[in-house]
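Descriptive analysis of the structure
For reference, the chains in residue letters:
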Amino acid sequence: MSDLITIGQDGFYHPTNEQQIIAIIQEARARRQQVRVRGSGHTVAAAIYTSNYQKGMARTSGFNLMLDQMRAVTLHEETATAESILVTAEAGCNLGQDPHDPSATSTWDNSLFAQINDKGWAFPDTGGIIHQTVAGFISTGSAGGSLEDSVGDAIHAIRFIDGTGQVQFASREKNPELFGAAGVSLGLLGIITAVTFRCVRRFALQGTEVTTSVKDCAIDLFGPGDNGKPSLRQFLEQTEYARLLWWPQRGVEKMVVWQGKRIPYDPAMKVEPYVEIGRRFDNAPLLTLLTQVLGQAAGSAFYTLVGTWPQWVHALLGNRQVRLDFQDFCKREVHHSTRLLQHLFNRPTLVSQAILHVPEVAGRTTSNGPPGGPPVVTLPADSSGLLALIGGVLEWLGKLYDEGKKLVGDVLDTLLGELADAFVCWVIDLFVQDGTQTFQDYWYAALPMDNQISDVRMPTEFTELWVPLSRTQEVMQVLRKHYEEGGMAATGTYSCEIYSAKGSEFWLSPSYGEPVVRIDIFWFAYNLKDPSLAYYPQFWKLLAPYDFRPHWAKYLPDADSATGVGYLRALYPKWQEFMRLREQLDPSQLFVTDYWRWHLDIPAAVQVKSAASSAA
């Protein structure tokens, strides 16, 4: 077929227009292969690609597309009013810059937010990050943290190519039923090529982030509101933009409350940027950036140590060969000061060497983070007197550990575990310090408050549970009780994020039909265990009585579990209508992968023989 483009060296097809996408769909139908599109990759990998996609084997993995060559943004000046304008963005355009874009074509200047802001316009809200592509952001029902403003409300029209190669167009005015289905489609109705948004006049944001103990929080977090404190529900309803981070660990018990409100846009405004990790130096932005980088590096090292406990401790203390190797290494002398600097700025070489002796750590990969877990550092063949001393201490601790294991067996590991938990809580408490940060910045920089966090240094995985706003108090109470009774196994070592979302008209939106409070459970990606087995199920079970709907781009409950597809089907009034429309628009199931077939219980397509083949 003349319009069928060749696959790129990266294993993806990079169409430049709709006609090339149609040709790919037609070829996929002829070959009976799947078609999927990668945006920024900010979701569970299995939800993005074709079922058998593997790097290096892309040519046998169906058709995986990237729309990095479809980034055009058109402002429809004829629709402009004093308050709004219609803007059409091609599907591959990133909202902001994607720093990890594999095509290396994403820049701030070609992003949607940069182009509309330059013309005096803005999105009414954004998510916590703005790496995503236009199509990727809307396809899974992503949202910001507001009950007043919504990206979903700003979507005016959606254009996509269905599984038969036909161009479909849906808006509230034209084909509203299709619009309701396409607003959150999971990539199952077709390939989105463009989205039209109703943008608002650009604005700035002014706000505060206050960190206190849970007890001293200005919000009645678990009650109906009293003594001058609003309930959490009231706070979310009264605050234009809000996000809370709850550190529930015993001995920490902190709450971080971020809130903002719109102020007029002033190009000459003094910008006071929000800094999530690190310290802000208003007159030294490079120093601010340095503290952010160092803060995230320290956080990564800390959570890597915590996340690979107790395996690395056993390798260090319980493996005599590791101790002897390191002791020999420490006895050598350092001849050049540059070597010493390398030691200071590298990851802890001792831990890296221990990890080499733990195959479960060294060989681990994650679907949401870089493969291989923490980078392994090769030990240089020199050392210092200080390191020699450390080696001797390590040898002594190892012998003490060996003797302790002989005397008390596994009880020693239990005691070490309790000691480690206490140490972790102590470090977190030092890190999450009480105080107030004020900020004032433009909408595109202030609203995505997590955009400065590196996906490489601090890779995080999530399950995000959207609960009816009316049940906020119940959910907060049951979470508090669960954390108090479950200890570190329940709290983990990360915070829990709490924010809201406005009710949505889109059929598969987790906030369809009503506003919600969102409970976002974090998991450090370098942890050894699989969170969908070791951590998240307790929360799926805990919040099931409160009718949670999970964010489609995050970890989902096992489809066969009590909170799987049967549970979810009952919570979406338009579920069956969406499935019938999906079958109509994609009869060959080009867009249905094993992942989505399992989670949505989509039966296999019936292959209909042609009349000619039947006669033969």
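Up top you'll find the structure we're talking about.
So, here is what we can say about the structure in this document. (Residues numbered from 1 in each chain as written. Predicted model: local features only at pLDDT ≥ 70, side-chain atom pairs only at ≥ 80, totals over all residues. Heavy atoms only, no water.)

What follows deals with the overall build of the protein. Helices and strands together make up the secondary structure of the protein, namely 23 helices and 18 strands. Expressed as a percentage of its 616 residues, the buried residues of the protein come to 55%. When the accessible area of the protein is evaluated, it comes to approximately 27400 Å², of which 54% is carbon and sulfur surface. (Helix = DSSP H or I, 4+ residues; strand = E, 2+ residues; numbered from the N terminus. Buried < 20%, exposed > 50% of the residue type's maximum accessible area, 1.4 Å probe, protein only. Areas by Shrake-Rupley, 256 points an atom, 1.4 Å probe, with all protein chains shown as cover.)

Looking now at the sheet that holds strand S9 (residues 203–213). Spatial strand order, S14-S9-S13-S12-S16-S17-S15-S18: 8 strands in an open sheet with antiparallel pairing. Taken across any chain shown, the strands that pair with only one partner, and hence form the sheet edges, are strand S14 (435–442) and strand S18 (549–550). Of the pairings in the sheet, the one linking S9 to strand S13 (residues 254–264) comprises 11 bridges and is antiparallel in character. Bridging across to S13, Gly-207 finds its partner in Gly-260. (Pairing = 2+ DSSP bridges.)

Before going further, it helps to examine the pattern of salt bridges. Under the definition given, this model contains 19 salt bridges. For the salt bridge of Asp-153 with Lys-502, the shortest nitrogen-to-oxygen distance reads 2.7 Å. Of the two residues, Asp-153 sits in helix H4 (residues 151–154) while Lys-502 sits in the loop between strand S16 (496–501) and strand S17 (516–524), which places them 349 residues apart along the sequence. By relative accessible area, which is 36% here, Asp-153 ends up partly exposed. Residues Arg-243 and Glu-497 are paired through a salt bridge, measuring 2.7 Å at the closest nitrogen-oxygen approach. A residue pair is termed long-range when its members are at least 10 positions apart, and Arg-243 in strand S12 (residues 241–247) and Glu-497 in strand S16 qualify at 254 residues. Glu-497 matches Arg-243 in its accessibility class, with the two residues each being buried. Linked by salt bridges that have partners in common, Arg-243, Glu-276, Asp-450 and Glu-497 make up one network. (Salt bridge = Lys/Arg side-chain N within 4 Å of Asp/Glu carboxyl O.)

This part takes up unusual backbone geometry. In this model, Glu-253 sits at a positive phi of 50°, which is unusual for a non-glycine residue. Owing to a relative accessible area of 39%, Glu-253 belongs among the partly exposed residues under this scheme. Backbone geometry places Gln-589, a non-glycine residue, at a positive phi of 55°. Within the element layout of this structure, Gln-589 appears in the loop between helix H21 (575–585) and helix H22 (594–600).

We now examine the nonpolar core. The biggest cluster of nonpolar side chains holds 126 residues, and the ones touching the most others in it are Leu-112, Phe-123, Leu-244, Trp-246 and Trp-552. Ranked by residue count, the leading element in this core is strand S8 (residues 190–201), at 6 residues. Membership of the second largest hydrophobic core comes to 19 residues, among which are Ile-428, Val-432, Phe-462 and Phe-524. (Core = buried A, V, L, I, M, F, W, Y, C linked by side-chain atoms within 4.5 Å.)

Let us look at the side chain of Thr-88. With respect to the helices and strands, the residue Thr-88 is situated in strand S4 (residues 84–90). A polar contact is formed between the side chain of Thr-88 and the side chain of Thr-196, at a distance of 2.7 Å. Discounting chain neighbours no more than four positions away, the residues touching Thr-88 are Ala-72, Val-73, Thr-74, His-76, Ala-194, Val-195 and Thr-196. (Polar contact = N/O pair within 3.5 Å; in protein donor to acceptor, adjacent residues only side chain to side chain. Contact = heavy atoms within 4.5 Å.)

Locating Lys-119 in the fold gives a position in the loop between helix H2 (112–118) and strand S5 (121–122). Along the sequence, Lys-119 and Arg-202 sit 83 residues apart, while their C-alpha atoms lie 8.9 Å from each other.

What follows concerns helix H16 (residues 472–486). For H16, which comprises 15 residues, the first-to-last C-alpha distance of 21 Å matches the rise-based estimate of 21 Å (1.5 Å per residue) to within 8%. Taken as a whole, H16 has its buried residues at Thr-472, Val-475, Met-476, Val-478, Leu-479, His-482 and Tyr-483. Downstream of H16 by one or two residues, Gly-487 has phi in the positive range, about 65°. (Expected span 1.5 Å × (residues − 1).)

We now examine the pairing of S17. Regular strands place side chains that alternate from one sheet face to the opposite one. Within S17, 9 of the 9 residues are buried, which leaves the element mostly enclosed by the surrounding structure. Residue alternation in S17 divides its side chains into two sets, Val-516, Arg-518, Asp-520, Phe-522 and Phe-524 and Val-517, Ile-519, Ile-521 and Trp-523, and both sets are buried. Alignment of strand S15 (residues 460–468) against S17, held across 9 bridges, turns out to be antiparallel. Note on S17: the bridge partner recorded for Glu-464 is Asp-520. Examined bridge by bridge, S16 and S17 share 6 bridges and lie antiparallel to one another. Bridging across to S17, Ile-498 finds its partner in Ile-519.

Attention shifts here to the environment of Pro-557. For Pro-557, the position within the fold is in the loop between S18 and helix H20 (565–571). Taking the C-alpha atoms as reference points, Pro-557 and Tyr-567, separated by 10 residues in sequence, lie 10.0 Å from one another. Ignoring anything within four residues of it in the chain, the contact list for Pro-557 reads Trp-540, Phe-548, Pro-550, Thr-563 and His-599.

Look at helix H7 (residues 285–307): 32 Å from first C-alpha to last across 23 residues, which is about the 33 Å you get at 1.5 Å a residue. Residues of H7 that are buried include every one of Thr-288, Thr-291, Gln-292, Gln-296, Gly-299, Ser-300, Phe-302, Tyr-303, Thr-304, Val-306 and Gly-307, and no others.

There is a patch of nonpolar side chains on the surface, built from Val-393, Trp-396, Leu-397 and Leu-400 and spanning about 400 Å² of accessible area. Topologically, Leu-400 is positioned in helix H13 (residues 385–408). (Patch = residues over 30% accessible without salt bridge, like charges linked within 9 Å, V, L, I, M, F, W, Y side chains within 5 Å.)

Moving on: the packing of aromatic side chains. This model, assessed by the stated rule, comprises 33 aromatic pairs. On the basis of an interplanar angle of 40° and a centroid distance of 6.5 Å, the ring pair of Phe-203 and Trp-443 is categorised as tilted. Linking Phe-203 in strand S9 with Trp-443 in helix H15 (residues 443–446), this pair joins segments that are 240 residues apart in sequence. Accessibility classification places Phe-203 together with Trp-443 in one group, the buried group. With a centroid separation of 6.0 Å and 50° between ring planes, the pair formed by Tyr-572 and Trp-575 is classed as tilted. What makes Tyr-572 buried here is its relative accessible area of 2%. (Phe/Tyr/Trp six-rings, centres within 6.5 Å; stacked < 30°, edge-to-face > 60°.)

Residues Phe-63 and Leu-65 line one face of strand S2 (residues 63–66) and the alternating positions Asn-64 and Met-66 line the opposite face, and both faces are buried. As paired strands, strand S1 (residues 35–38) and S2 are joined by 4 bridges and run parallel to one another. Across the sheet, residue Arg-36 finds its bridge partner in S2, namely Asn-64.

Just distances and angles here, no functional claims.
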